[in-house]
Amino acid sequence: MRTPPPPGHRPVAALAMSPGAAAALLLPDVLTALAEVCDLQGPPVLDDFTGPRSRAVLARAEVLITGWGCPPLDEAALAAAPELRAVVHTAGSVRGHVTPACWERGIEVSSAAAANALPVAEYTVAMILLTGKRVLERARDFKAARRRDDPLATPRSVGNHGRTVGLLSASHIGRRVVELLRPYDFRVLLHDPYVTAAEAAALGVRAVGLRELFEQSDVVSVHTPLLPATRGLVDRALLDAMLPGAVLINTARGALVDQVALTEAVAAGRIRAVLDVTDPEVLPPEHPLWDCPDALITPHLAGSLGNEWERLTDVAVSELARWAAGAGFAHPVRAERLEFLA
């Protein structure tokens, strides 16, 4: 790791992200807050690292404040940034732009993944509750019939009392879901090979095997990062093991799930699905999942949107202030943890 700045140092910082991300996140008050703790270069932001202006800005930058659309910080970009010592990312995953060359040079990296976890967890809990009451299906039927069914004829399979929720991975998001579920009387199971039974108990959940998670849960929510080892993790055998009428919620990555097997199970009416991500993203117009009444597909909206972006920029400002003061990052991304992170 490179030498941290001396206390009170005002680092030279540059903004690197797409113009669209900058317009969404970098409101005037955010730029003012950043400028209070650093010598801020720009806007305009850098959306490539090859042009003359980019090279001139990179030559001085000690910190890059990055966002969606930041170009890769490869060896060529780093060669143009000899003073660069830190990256402060205003979103979650840094895999798209922080390359092995950054870690080799000892550049410190911070991410707003913890802040972005909250809206995803909120979406997940909302969908758990809505699917338990079968709100979407019943609203659709109510709209079609224009009359109310006898509520006393509601099947015992409807409702949220005592449901079993299975969480796949104790990621940032998975742990936030656990926190948000505490006021409800759900039984919460967890499968995460890196979490011991004692650690799971401390979280207030029960650790189970992967197949057991799918066999016992009324709803399975996927929070696993997409890595080579997890691609296709939710395969046909696991989907076949789910309880009749159970729900699969995926807010992680579509490629974690066998899309063909999922489509067949949902189209057959055997299970239900809430998909904020698919494989591919977006599904082709003719894909059968679009017409499945037991599939709810949303356009990757569970993460931070609209006024929720304020959390991300608040974290970025705070992290930059800490780093400039010599206190280090509160939300560092460690190279040795990359194999577990999205």
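On a predicted model such as this, the values are computed, not experimentally measured, just so you know.

The next point concerns the sheet that holds strand β3 (residues 63-66). Consider a sheet: its strands pair through backbone hydrogen bonds, and that pairing is either parallel or antiparallel. Overall, parallel pairing links the five strands, which are arranged β2-β1-β3-β4-β5 in an open sheet. This sheet does not close on itself; its edge strands, each paired only once, are β2 (39-46) and β5 (108-110). Across the sheet, the mean angle separating the axes of adjacent strands is 15° when strand polarity is ignored. Pairing analysis gives four bridges linking strand β1 (residues 12-16) to β2, with the strands arranged parallel. Looking at β2, one finds that Ala13 is bridged to Leu40. Relative to β2, helix α3 (residues 52-60) is tilted by about 155°, and along the sheet it contacts β1, β2 and β3.

Turning our attention to the pattern of salt bridges. Opposite charge on two side chains allows them to pair when their charged atoms are near. Enumeration according to the criterion identifies eleven salt bridges in this entry. The partner of Glu179 in a salt bridge is Arg176, with the nearest N and O atoms 3.1 Å apart. Of the two residues, Glu179 and Arg176 are both situated in helix α8 (residues 172-181); the distance of three residues between them amounts to about one turn of the helix. Beyond isolated ion pairs, a larger network of salt bridges with shared partners links Arg134, Glu137 and Arg272.

Let us look at the UniProt feature "domain: D-isomer specific 2-hydroxyacid dehydrogenase NAD-binding" (unreviewed entry) in the protein chain. Cross-referencing UniProt, the feature "domain: D-isomer specific 2-hydroxyacid dehydrogenase NAD-binding" (unreviewed entry) maps to residues 126-302 in the present numbering. As a span, residues 126-302 carries 32% helix and 15% strand, and end to end its C-alpha atoms are 11 Å apart.

Most of strand β6 (residues 164-168) is tucked away, with five of its five residues classed as buried. The alternating pattern of β6 places Thr164, Gly166 and Leu168 on one face and Val165 and Leu167 on the opposite face, and all of these are buried. Inspection of the sheet shows β6 paired to strand β7 (residues 187-191) by five bridges, in the parallel sense. Bridge pairing in β7 links Gly166 to Leu189. A crossover links β6 with its parallel partner β7, the connecting element being α8, and its sense is right-handed. Both β6 and strand β9 (residues 219-222) contribute to a ladder of four bridges, which runs parallel. What sits directly across from Leu168, in β9, is Val222.

Partitioning the protein chain into structural domains gives domain 1 (12-106 + 306-337) and domain 2 (116-297). Between domain 1 and domain 2, the C-alpha centre-to-centre distance is 35 Å. With both chains or domains summed, domain 1 and domain 2 bury close to 390 Å², and 57% of this area falls on carbon and sulfur atoms. One can count zero salt bridges joining domain 1 with domain 2. The interface formed by domain 1 and domain 2 includes zero residue pairs in polar contact (both at pLDDT 80 or more). Of the residues assigned to the side of domain 1 that touches domain 2, the class counts are one nonpolar, no polar and three charged.

This part covers the layout of surface pockets. Its volume calculated, the second largest pocket comes out at about 370 Å³. Lining the second largest pocket are 14 residues, and of these Arg138, Asp141, Phe142, Asp149 and Thr154 sit closest to its centre. Tallied by class, the residues present in the lining of the second largest pocket amount to five nonpolar, one polar and eight charged.

Okay, the environment of Leu262 next. Checked against the element boundaries, Leu262 lands in helix α12 (residues 259-267). Looking at Leu262, the relative accessible area reads 1%, which means it is buried. Considering only alpha carbons, one finds Leu262 and Tyr194, 68 residues apart in sequence, at a separation of 26 Å. Leaving out residues up to four positions away in the same chain, Leu262 has contacts with Leu239, Leu248, Val257, Ile271, Ala273 and Leu275.

Summary: where empty space remains is shown by rolling a probe the size of a single water molecule over the atoms. Inspection of every chain in the model, using the stated rule, returns two cavities of 30 Å³ or more. If you trace the largest cavity, you find it lined by Asn250, Gly254, Val257, Gln259, Leu262, Leu275, Val277 and Thr278. Estimated volume of the second largest cavity: approximately 30 Å³. Lining the second largest cavity are Leu26, Val30, Leu34, Ile65, Thr90, Thr313, Ala316 and Val317. If you list the elements that add at least two residues to the lining of the second largest cavity, you get α2 (28-35) and α13 (309-324). Across the lining of the second largest cavity, the residue classes tally to six nonpolar, two polar and no charged.

Cut-off values and rules
- Residues numbered from 1 in each chain as written.
- Predicted model: local features only at pLDDT ≥ 70, side-chain atom pairs only at ≥ 80, totals over all residues.
- Heavy atoms only, no water.
- Pairing = 2+ DSSP bridges.
- Helix = DSSP H or I, 4+ residues; strand = E, 2+ residues; numbered from the N terminus.
- Axes fitted to C-alpha atoms, helices over the stretch in contact; angles between N-to-C directions.
- Contact = heavy atoms within 4.5 Å.
- Salt bridge = Lys/Arg side-chain N within 4 Å of Asp/Glu carboxyl O.
- UniProt positions renumbered as here; feature names shortened; annotations may be inferred.
- Buried < 20%, exposed > 50% of the residue type's maximum accessible area, 1.4 Å probe, protein only.
- Right-handed = clockwise from strand over helix to strand, strands pointing away.
- Domains from an automatic or database assignment.
- Buried area = accessible area lost by both parts, 1.4 Å probe.
- Polar contact = N/O pair within 3.5 Å; in protein donor to acceptor, adjacent residues only side chain to side chain.
- Nonpolar A, V, L, I, M, F, W, Y, C, P; charged D, E, K, R; others polar.
- 1 Å grid on protein atoms, 1.4 Å probe; cavity = no way out; pocket = protein on both sides within 12 Å on 5 of 7 lines; lining within 4 Å.
- Points joined across faces, edges and corners; volume = space filled by probe spheres on them.

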